[in-house]
Amino acid sequence: MTLQDRYDDAMFDFSQGEFDSAIAKLRQILADDPNNFDAQLSLGMAYYRKGDFDTAIAEGHKAEKLKPNEQLVHTNLSLFYMRRGDKQTAEHHGLQARIASWKSEGSAPPAAAENSELNMAKPKPPVLPDMPWKKKKPNG
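Residues numbered from 1 in each chain as written. Predicted model: local features only at pLDDT ≥ 70, side-chain atom pairs only at ≥ 80, totals over all residues. Heavy atoms only, no water.

**Section: the overall build of the chain**
Then comes step 1: Per the secondary structure count, the chain includes 6 helices and 0 strands.
Then comes step 2: For the chain, with 140 residues in total, the buried portion stands at 30%.
Then comes step 3: Sequence separation of at least 24 residues holds for 44% of the intrachain contacts in the chain that already meet a minimum separation of 6.
Then comes step 4: Of the roughly 9,900 Å² of accessible surface on the chain, 53% is carried by carbon and sulfur atoms. (Helix = DSSP H or I, 4+ residues; strand = E, 2+ residues; numbered from the N terminus. Buried < 20%, exposed > 50% of the residue type's maximum accessible area, 1.4 Å probe, protein only. Contact = heavy atoms within 4.5 Å. Areas by Shrake-Rupley, 256 points an atom, 1.4 Å probe, with all protein chains shown as cover.)

Here's what the structure looks like:
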């Protein structure tokens, strides 16, 4: 069975709510391949779903070491910290997730995008006559 097959099997358990089984399988994958990012990221989420926020955070930081600029890592950490009650750290990781998304999309943050070409797509205001209340006098 390949690592991918084993990962898929663990994710099936996860999807069925069998978090202990998924955790055991993900830990075995990581024992064989410590740099398996998907398994590491999923392990943190499995602990989160079990309600073990401290372990979820610890596993989330291991995923962060593998891919420090990955948006999903910071999104998960933000969620984990928020559930643990650490709003300040949650907001920090939320910001890191937004920055990572801007980098991955190759786009600027929304504030910088205001002066972009997107403004050309806005409809132009209608042109109204100068003084519509004045009627032209008929000639003659």
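**Details of the packing of aromatic side chains**
Then comes step 1: In this structure the tally under the stated criterion is 3 aromatic pairs.
Then comes step 2: Taking 5.4 Å as the distance between ring centres and 70° as the angle between the ring planes, the aromatic pair formed by Phe14 and Phe19 counts as edge-to-face. Taken as a pair, Phe14 and Phe19 share a single burial class, namely buried.
Then comes step 3: Following the ring pairs from residue to residue traces out a cluster consisting of Tyr48, Phe53 and Phe80.
Then comes step 4: Positioned above the aromatic ring of Phe37 is the side chain of Lys67, whose terminal nitrogen or guanidinium carbon lies 4.6 Å from the ring centre. (Phe/Tyr/Trp six-rings, centres within 6.5 Å; stacked < 30°, edge-to-face > 60°. Lys NZ or Arg CZ within 6 Å of the ring centre and 35° of its normal.)

**Overview of the side chain of Gln40**
Then comes step 1: With respect to the secondary-structure elements, Gln40 resides in helix H3 (residues 37–50).
Then comes step 2: Relative accessible area serves as the criterion here: at 6%, Gln40 is assigned to the buried category.
Then comes step 3: Once you skip the residues sitting within four places of it in the chain, Gln40 turns out to touch Leu30, Glu59, Lys62, Ala63 and Leu66.

**Details of the confidence of the model for the chain**
Then comes step 1: In the predicted model, the chain carries a mean pLDDT of 84, and the fraction of residues at 70 or more is 74%.
Then comes step 2: In the model of the chain, helix H6 (residues 87–105) stands out as the element of lowest mean pLDDT, 86, in contrast to helix H2 (residues 19–32), which has the highest, 97.
Then comes step 3: Here residues 111–119 scores under 50 on pLDDT; set against residues more than four positions off or in separate chains, the count is 1 contact. (pLDDT = per-residue confidence, 0-100.)

**Brief notes about the nonpolar core**
Then comes step 1: Residues Phe14, Leu26, Ala39, Leu43, Tyr48, Val73 and Phe80 are the most contacted members of the largest nonpolar core, which totals 26 residues.
Then comes step 2: The element contributing the most residues to this core is H3, with 8 residues.
Then comes step 3: Once residues within four sequence positions are removed from consideration, Tyr48 is found in contact with Phe53, Ala56, Leu79, Phe80 and Arg83. (Core = buried A, V, L, I, M, F, W, Y, C linked by side-chain atoms within 4.5 Å.)

**Examining the pattern of salt bridges**
Then comes step 1: Per the counting criterion, the structure on display carries 8 salt bridges.
Then comes step 2: Arg6 is paired through a salt bridge with Asp32; the nearest N and O atoms lie 2.7 Å apart. Linking Arg6 in helix H1 (residues 3–15) with Asp32 in helix H2, this pair joins segments that are 26 residues apart in sequence.
Then comes step 3: You can call Asp32 partly exposed: its relative accessible area is 46%.
Then comes step 4: Each of the salt bridges in this network shares a partner with another, and the network as a whole consists of Asp9, Asp13 and Lys25. (Salt bridge = Lys/Arg side-chain N within 4 Å of Asp/Glu carboxyl O.)

**Let's talk about helix H4 (residues 53–66)**
Then comes step 1: Its 14 residues give H4 an end-to-end C-alpha distance of 20 Å, which sits within 8% of 20 Å, the value for a rise of 1.5 Å per residue.
Then comes step 2: Buried residues of H4: Phe53, Ala56, Ile57, Glu59, Gly60 and Ala63, and no others.
Then comes step 3: Buried residues in H4 make contact with H2, H3 and helix H5 (71–84). (Expected span 1.5 Å × (residues − 1).)

**Describing the side chain of Asp13**
Then comes step 1: For Asp13, the position within the fold is in helix H1.
Then comes step 2: Only 2.6 Å separates the side chain of Asp13 from the side chain of Lys25, close enough to count as a polar contact.
Then comes step 3: Each residue touching Asp13, except ones within four places of it in the same chain, is listed here: Glu18, Ser21, Ala22 and Lys25. (Polar contact = N/O pair within 3.5 Å; in protein donor to acceptor, adjacent residues only side chain to side chain.)

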